[in-house]
Protein chains: 2
Amino acid sequence: MRGTLNKELVIRLLKYRRILTQLKSLGFEKVFSNNLGDAIGVAPALVRKDFSLLVLGGNKRGGYNIDYLSEQLGLILGKTNEQKIIILGMGKIGTAIAQYKGFLQGDFEVAAGFDVRPVGLPESLSLKVYPIEELAAFCNANSIQVAILAVPEEVATESHKLLKDSGIRGILNFTPVELKTTPNCIIHNINIGVEIENLFFQVIRNGLSGA
Amino acid sequence: MRGTLNKELVIRLLKYRRILTQLKSLGFEKVFSNNLGDAIGVAPALVRKDFSLLVLGGNKRGGYNIDYLSEQLGLILGKTNEQKIIILGMGKIGTAIAQYKGFLQGDFEVAAGFDVRPVGLPESLSLKVYPIEELAAFCNANSIQVAILAVPEEVATESHKLLKDSGIRGILNFTPVELKTTPNCIIHNINIGVEIENLFFQVIRNGLSGA
DNA sequence: ATTTTATTGTACTAAGTTTCACAAAAACTT
DNA sequence: AAGTTTTTGTGAAACTTAGTACAATAAAAT
């Protein structure tokens, strides 16, 4: 079953889960496919299809039960709580991500930062920054599997190698260098420059009809 | 022709252009479809298909001419140089992006930052941070079309409205709230939390075969 | 109890995208 | 000059994904 979960579907499921958590905290008990569709920006039929594929049933007029859905999605997606990540490259982007509010909501924890210089640590943050020489030992000792890469472009490739050699199995790459997934290490590239160029292109193409 | 450029294709074209710029600076004159495919992580046949679609020809054994390709991609994608953006929300993420090295390479310029408080400006950065009351006037006076949204989650929705009311036509959204594209304003959502959850899921599913 | 309404579940349809496979052609070799 | 190699260009196939439309059915209303 899980072999059939493609990338886009997984992202939708993660988003459903986030919405469900919010709805639950608001005291809601059930939800309809069009609510979820609206919330994550897809058609209601696709929501139903997704749940149908996962054999998560709803009630013909009562929609879906939020508790049940949350629970089942938890089983399928796994609990990410208590998962730990490290950040390699504690420059502006790295430290910003370390303090990202979304992480404080209990999704996962930044276990440590690493940099060439053990510097620039904002005092308010209870996060230690170690020199990169200690990366492999730390990852090993703490079973770290996932890392954020936020080093300067010039050292992206060598940092990538370093992470792989430290046993890291997944990297969220914020450098502009396009890293490639291998059987041992999954890469997700976030290229902010390309994202903005892309946005400009879409905006210009979209024209000024409404301005 | 441009109507046929879908989202993924545009991203590939932007990536080709970046690679070509790098190759040119290294003194290369021609490039093969497999080089470009390797560089951006797609099959060579797709590279050729892309260029074929855009009627960008290569030489049957000599590959593609880098200068020509660069020039033509420039015509298709538009020059993003000299484009200006603003950042709404000058917290950690906002200021980090303002200082992002990739932007300094001349792709575009951060014209100003905006925040509820005109505070926290790093002195080394020649960027002014204005109170949000001035947002609409500034965007109007400077013809700003694209913005980065990096405010706290709680004020994401109202900030979104504010940007639209200020004439912004494209938003790169770093808040966890899923904003939706409208005819007048294109949204690209970057949800770091979801990205990390997704990475964890892929890593766990991928198993530990190589560790 | 019957009718109406709202919503799920899914077979079918449609569209889009990537990969495959190979002919065509240019450049190089002998 | 003939043959060999390399690389493009592309039609066809395969795959994937999303959308449509409607039957089934549960709940609500009368």
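Just so it is clear, the structure is predicted and the values come from calculations on it, not from any experiment. (Residues numbered from 1 in each chain as written. Chains lettered and ligands numbered in written order. Predicted model: local features only at pLDDT ≥ 70, side-chain atom pairs only at ≥ 80, totals over all residues. Heavy atoms only, no water.)

Peer 1: Please explain the overall build of chain A as it appears in this structure.
Peer 2: The number of helices and strands found in chain A is 9 helices and 8 strands. C-alpha extents for chain A along the principal axes are approximately 60 × 50 × 40 Å. The buried share of chain A, taken over its 211 residues, is 50%. Put simply, 54% of the contacts in chain A that link residues at least 6 apart link residues at least 24 apart. A total accessible area of about 10,500 Å² is found for chain A, and carbon and sulfur atoms account for 52% of it. (Helix = DSSP H or I, 4+ residues; strand = E, 2+ residues; numbered from the N terminus. Buried < 20%, exposed > 50% of the residue type's maximum accessible area, 1.4 Å probe, protein only. Contact = heavy atoms within 4.5 Å. Areas by Shrake-Rupley, 256 points an atom, 1.4 Å probe, with all protein chains shown as cover.)

Peer 1: Looking at this structure, how should I read the interface of chain B and chain A?
Peer 2: Frequently, the measure chosen for interface size is the accessible area removed from exposure when the parts meet. The interface of chain B with chain A comprises 67 residues on the first partner and 67 residues on the second. Here chain B meets chain A over a buried area of about 6,400 Å², counting both sides, of which 64% is carbon and sulfur. There are 6 salt bridges connecting chain B and chain A. One salt bridge connects B:Lys15 with A:Glu178, and the closest N-O pair in it is separated by 3.0 Å. For the pair chain B and chain A, the interface holds 10 residue pairs in polar contact (both at pLDDT 80 or more). Its residues placed into classes, the side of chain B that touches chain A shows 33 nonpolar, 18 polar and 16 charged. (Buried area = accessible area lost by both parts, 1.4 Å probe. Salt bridge = Lys/Arg side-chain N within 4 Å of Asp/Glu carboxyl O. Polar contact = N/O pair within 3.5 Å; in protein donor to acceptor, adjacent residues only side chain to side chain. Nonpolar A, V, L, I, M, F, W, Y, C, P; charged D, E, K, R; others polar.)

Peer 1: Even after reading the chapter, I still don't get the nonpolar core, so can you show me in this structure?
Peer 2: A general tendency of soluble globular proteins is for nonpolar side chains to be buried together. If you look at the biggest cluster of nonpolar residues, it comprises 50 residues, and the most contacted ones within it are A:Phe103, A:Ile192, B:Phe103 and B:Ile192. Non-local contacts of B:Ile192, meaning those with residues more than four positions away in its chain, are made with A:Tyr100, A:Phe103, A:Leu172, A:Phe174, B:Ile93 and B:Phe174. (Core = buried A, V, L, I, M, F, W, Y, C linked by side-chain atoms within 4.5 Å.)

Peer 1: Even after reading the chapter, I still don't get the pairing of strand 6 (residues 146–149) of chain B, so can you show me in this structure?
Peer 2: Regular strands place side chains that alternate from one sheet face to the opposite one. Residue and element names in this part refer to chain B. Going residue by residue along strand 6, you find Val146 and Ile148 tucked away on one face and Ala147 and Leu149 tucked away on the opposite face as well. Relative to strand 6, strand 3 (residues 83–88) runs parallel, the two sharing 4 bridges. Residue pairing in the sheet places isoleucine 87 in a bridge with isoleucine 148 of strand 6. As defined by bridge partners, strand 6 adjoins strand 7 (residues 170–173) across 4 bridges and the pair is classed as parallel. Within the sheet, the bridge partner assigned to isoleucine 148 lies in strand 7 and is leucine 172. The handedness of the strand 6 to strand 7 crossover, carried by helix 8 (residues 156–165), is right-handed. (Pairing = 2+ DSSP bridges. Right-handed = clockwise from strand over helix to strand, strands pointing away.)

Peer 1: Looking at this structure, how should I read the packing of helix 1 (residues 7–25) of chain B against helix 3 (residues 44–53) of chain B?
Peer 2: Between two packed helices, what matters for the description is the angle formed by their axes and the separation of those axes. Residue and element names in this part refer to chain B. Running from amino to carboxyl end, helix 1 crosses helix 3 at an angle of 100°, the nearest separation of the two axes being 11 Å. Considering their axes alone, helix 1 and helix 3 lie roughly perpendicular with respect to each other. Residues Leu9, Arg12 and Tyr16 of helix 1 pack against Leu46, Val47, Asp50, Phe51 and Leu53 of helix 3. When the residues that make up the contact of helix 1 with helix 3 are grouped by side-chain class, the tally is 6 nonpolar, no polar and 2 charged. (Axes fitted to C-alpha atoms, helices over the stretch in contact; angles between N-to-C directions. Parallel < 35°, antiparallel > 145°, perpendicular 65-115°, else oblique.)

Peer 1: What should I look at first to understand helix 4 (residues 66–77) of chain B in this one?
Peer 2: A turn of α-helix holds 3.6 residues, and therefore any two residues three or four places apart point the same way. For helix 4 of chain B, spanning 12 residues, the distance from its first C-alpha to its last is 16 Å, which sits close to the expected 16 Å at 1.5 Å a residue. All buried positions along helix 4 of chain B are accounted for by B:Ile66, B:Leu69, B:Ser70, B:Gln72, B:Leu73, B:Gly74, B:Ile76 and B:Leu77. Contacts made by the buried residues of helix 4 of chain B are with helix 9 (192–206) of chain A together with helix 1, strand 1 (30–31), helix 2 (33–40), helix 3 and strand 2 (64–65) of chain B. Among the residues of helix 4 of chain B, the N-terminal cap falls to B:Asn65, whose side-chain oxygen and the backbone nitrogen of B:Asp67 are separated by 3.0 Å. B:Gly78 occupies a position one or two residues after helix 4 of chain B and carries a positive phi of about 85°. (Expected span 1.5 Å × (residues − 1).)

Peer 1: I tried to follow the sheet that holds strand 8 (residues 186–189) of chain B on my own but got confused; where do I start?
Peer 2: Two modes of strand pairing occur in sheets, parallel and antiparallel, and in both the strands are linked by backbone hydrogen bonds. Residues and elements named next belong to chain B. Pairing is parallel in the open sheet, where 6 strands are placed in the order 5-4-3-6-7-8. Only two strands of the sheet have a single partner each, and these edge strands are strand 5 (129–131) and strand 8. Taking the axes of each pair of neighbouring strands and ignoring which way they run, one obtains an average angle of 25° across the sheet. Where strand 7 and strand 8 come together, 4 bridges link them in parallel fashion. When the sheet's bridge partners are listed, isoleucine 171 is paired in strand 8 with isoleucine 187.

Peer 1: Would you mind showing me how to read the layout of surface pockets here?
Peer 2: Over the atoms a probe the size of a water molecule is rolled, and this reveals where empty space is left. Its boundaries defined by the atoms lining it, the second largest pocket holds a volume of some 1,600 Å³. Looking at the second largest pocket, it is lined by 41 residues, and the ones nearest its centre are A:Lys7, A:Glu8, A:Glu195, B:Lys7 and B:Glu8. Mapped onto the lining of the second largest pocket, the elements with two or more residues apiece are helix 1 (7–25), strand 8 (186–189) and helix 9 of chain A together with helix 1, strand 8 and helix 9 (192–206) of chain B. In the lining of the second largest pocket, the residues fall into 16 nonpolar, 11 polar and 14 charged. (1 Å grid on protein atoms, 1.4 Å probe; cavity = no way out; pocket = protein on both sides within 12 Å on 5 of 7 lines; lining within 4 Å. Points joined across faces, edges and corners; volume = space filled by probe spheres on them.)

Peer 1: Looking at this structure, how should I read the domain arrangement of chain A?
Peer 2: Annotation of chain A at the domain level lists domain 1 (2–77) and domain 2 (83–194). For domain 1 of chain A and domain 2 of chain A, the distance between their C-alpha centroids amounts to 31 Å. (Domains from an automatic or database assignment.)

Peer 1: What should I look at first to understand unusual backbone geometry in this one?
Peer 2: Trans is the common state for peptide bonds, and a negative phi is the common state for residues other than glycine. Non-glycine residue A:Ser143 carries a positive phi angle of around 50°. Note that A:Ser143 resides in the loop between helix 7 (135–142) and strand 6 (146–149).

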